[in-house]
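Next come the chains, spelled out residue by residue.
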Amino acid sequence: MSDAEEVPAEEVEADEVEEGEEAKAAAPAEPLTVNDAVALVLKKALAYDGLARGLHEVARAIEKGEAKLCVLAEDCNQPDYKKLIEALCAEHNVSLLSVPENKQLGQWAGLCKIDAEGEARKVVGCSACAVTDYGEDSEGQSVLKSYLKKE
């Protein structure tokens, strides 16, 4: 073999990477569900310190007018708790979303430990949380806004 026929390994790897990126870009992404969008928005808000978790923090954020979105768990065992959050959201015109489980909401709100494999451990339930700062715009935020306009 002469030098002209040999192809450096770096060029081969770069070609393979470019083809892989094109394949990923060509494949249409599945649209986000509302629950997936809520999870993304809550993670982004947590990163930007814009998340109130628990009854006291959520009620305070709504009353101050800082809350932009409130998320309530459907399996909350205190009916008075649900009534209070629903009434405050209605009074202050804050959008209210429901999620099925408080453990799931707790995981999305960062109330858990992450192990070495990236799995959530010791998840603490959270019956309500409020977003006070969305952070930067994301696909999840646009999905939620369009969903809330439909309601």
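Residues numbered from 1 in each chain as written. Predicted model: local features only at pLDDT ≥ 70, side-chain atom pairs only at ≥ 80, totals over all residues. Heavy atoms only, no water.

Quick question: what am I supposed to make of the sheet that holds strand β1 (residues 51-53) here?
Pairing between the strands of a sheet comes from backbone hydrogen bonds, and it takes one of two forms, parallel or antiparallel. Strand order in this open sheet of four strands is β1-β6-β2-β3, and the pairing throughout is mixed. In this open sheet, the two edge strands, each paired with only one partner strand, are β1 and β3 (95-99). Going across the sheet, the axis of each strand differs from the next one's by a mean of 20°, ignoring polarity. Judged from the four bridges that link them, strand β2 (residues 69-73) and strand β6 (residues 128-131) form a sheet pairing that is antiparallel. Bridge pairing links Cys-70 to Ala-130 in β6. Sheet strands in contact with helix α3 (residues 55-64) are β1, β2 and β6, and its direction is about 130° off that of β1. (Pairing = 2+ DSSP bridges. Helix = DSSP H or I, 4+ residues; strand = E, 2+ residues; numbered from the N terminus. Axes fitted to C-alpha atoms, helices over the stretch in contact; angles between N-to-C directions. Contact = heavy atoms within 4.5 Å.)

Just to check I follow, could you spell out the packing of helix α2 (residues 34-47) against helix α6 (residues 139-150) for this structure?
Two measures define how a pair of helices packs: the angle their axes make with one another and the distance between the axes. At a minimum axis distance of 8 Å, the contact between α2 and α6 shows a crossing angle of 130°. Regarding the angle of α2 to α6, the classification is oblique. Crossing geometry of α2 relative to α6 is assigned as left-handed. Residues Val-34, Ala-37, Val-38, Leu-40 and Val-41 of α2 lie in contact with α6, whose contacting residues are Gly-140, Gln-141, Val-143, Leu-144 and Tyr-147. For the contact of α2 with α6, a count of residues per class yields eight nonpolar, two polar and no charged. (Parallel < 35°, antiparallel > 145°, perpendicular 65-115°, else oblique. Left-handed = near helix turned anticlockwise from the far one by under 90°. Nonpolar A, V, L, I, M, F, W, Y, C, P; charged D, E, K, R; others polar.)

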